[in-house]
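Spelled out from the first residue to the last, the chains are:
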Amino acid sequence: MVKTSRIVTTTLIGLVFGIIFMVLERYVGIPDPFWPVGTATLLFLTLMGVVIGASSLRMNWAAHGSFWGALFGVFFAVSVVGVVPYPSLNFVGSLIVGFLIETLATKVFKQPQ
């Protein structure tokens, strides 16, 4: 059974990370046009938060966040090939953010799987 509070918590954490990465992309050097890439990043990380919260896979919490981060990272890295200089950084970043979303939800906000 999935708790609504867990889904809301992970969605908000994903949204916060999305805003942070969107602002970083704007000022660290994503070439024009910024808005398609920035909006895609925001929606991508928010959706990752929803999926991590709604997932009922019975795994260790660290492996759970890393699994979803890696899965989303593959699709995100492929989608930005040719738009950003190093798409592999998007994969690694997604892996880390997936882990952080799960860590914050499980350990800080005490929302177990």
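Quick look at the structure, then.

Procedures and definitions
- Residues numbered from 1 in each chain as written.
- Predicted model: local features only at pLDDT ≥ 70, side-chain atom pairs only at ≥ 80, totals over all residues.
- Heavy atoms only, no water.
- Helix = DSSP H or I, 4+ residues; strand = E, 2+ residues; numbered from the N terminus.
- Phe/Tyr/Trp six-rings, centres within 6.5 Å; stacked < 30°, edge-to-face > 60°.
- Buried < 20%, exposed > 50% of the residue type's maximum accessible area, 1.4 Å probe, protein only.
- Contact = heavy atoms within 4.5 Å.
- Core = buried A, V, L, I, M, F, W, Y, C linked by side-chain atoms within 4.5 Å.
- Salt bridge = Lys/Arg side-chain N within 4 Å of Asp/Glu carboxyl O.

Before going further, it helps to spend a moment on the environment of E25. Examined against the element boundaries, E25 turns out to sit in helix α1 (residues 4–28). Sequence separation between E25 and V37 is 12 residues, and the spatial gap between their C-alpha atoms is 8.5 Å.

It is worth spelling out the packing of aromatic side chains at this point. Summed over the entire model, instances satisfying the criterion amount to five aromatic pairs. On the basis of an interplanar angle of 70 degrees and a centroid distance of 5.2 Å, the ring pair of F67 and W68 is categorised as edge-to-face. For F67, a relative accessible area of 36% puts it in the partly exposed group. Three or more aromatic residues joined by ring pairs make a cluster, and in this case those are F44, F67, W68, F72 and F76.

The next thing to look at is the environment of I7. Within the secondary structure, I7 is located in helix α1. Assessed through its relative accessible area of 26%, I7 is described here as partly exposed. Sequence separation between I7 and G49 is 42 residues, and the spatial gap between their C-alpha atoms is 7.6 Å. Ignoring any residue separated from it by four or fewer positions in sequence, one finds I7 in contact with V2, G53 and A54.

What follows is about the nonpolar core. Within the largest apolar cluster, 14 residues are counted, with the highest numbers of intra-cluster contacts made by F17, F44, L45, M48 and I101. Those elements that provide at least two residues to this core are α1, α2 (34–54), α3 (61–79) and α4 (87–108). Not counting chain neighbours up to four residues away, the residues in contact with F17 comprise L45, V97, L100, I101 and L104.

Further remarks concern the pattern of salt bridges. Following the criterion strictly, the structure yields one salt bridge and no others. R6 is the salt-bridge partner of E102, the closest N and O atoms lying 2.8 Å from each other. Here E102, found in helix α4, pairs with R6, found in helix α1; they are 96 residues apart in sequence, far enough to count as distant. Overall, the relative accessible area of 2% leaves R6 in the buried class.

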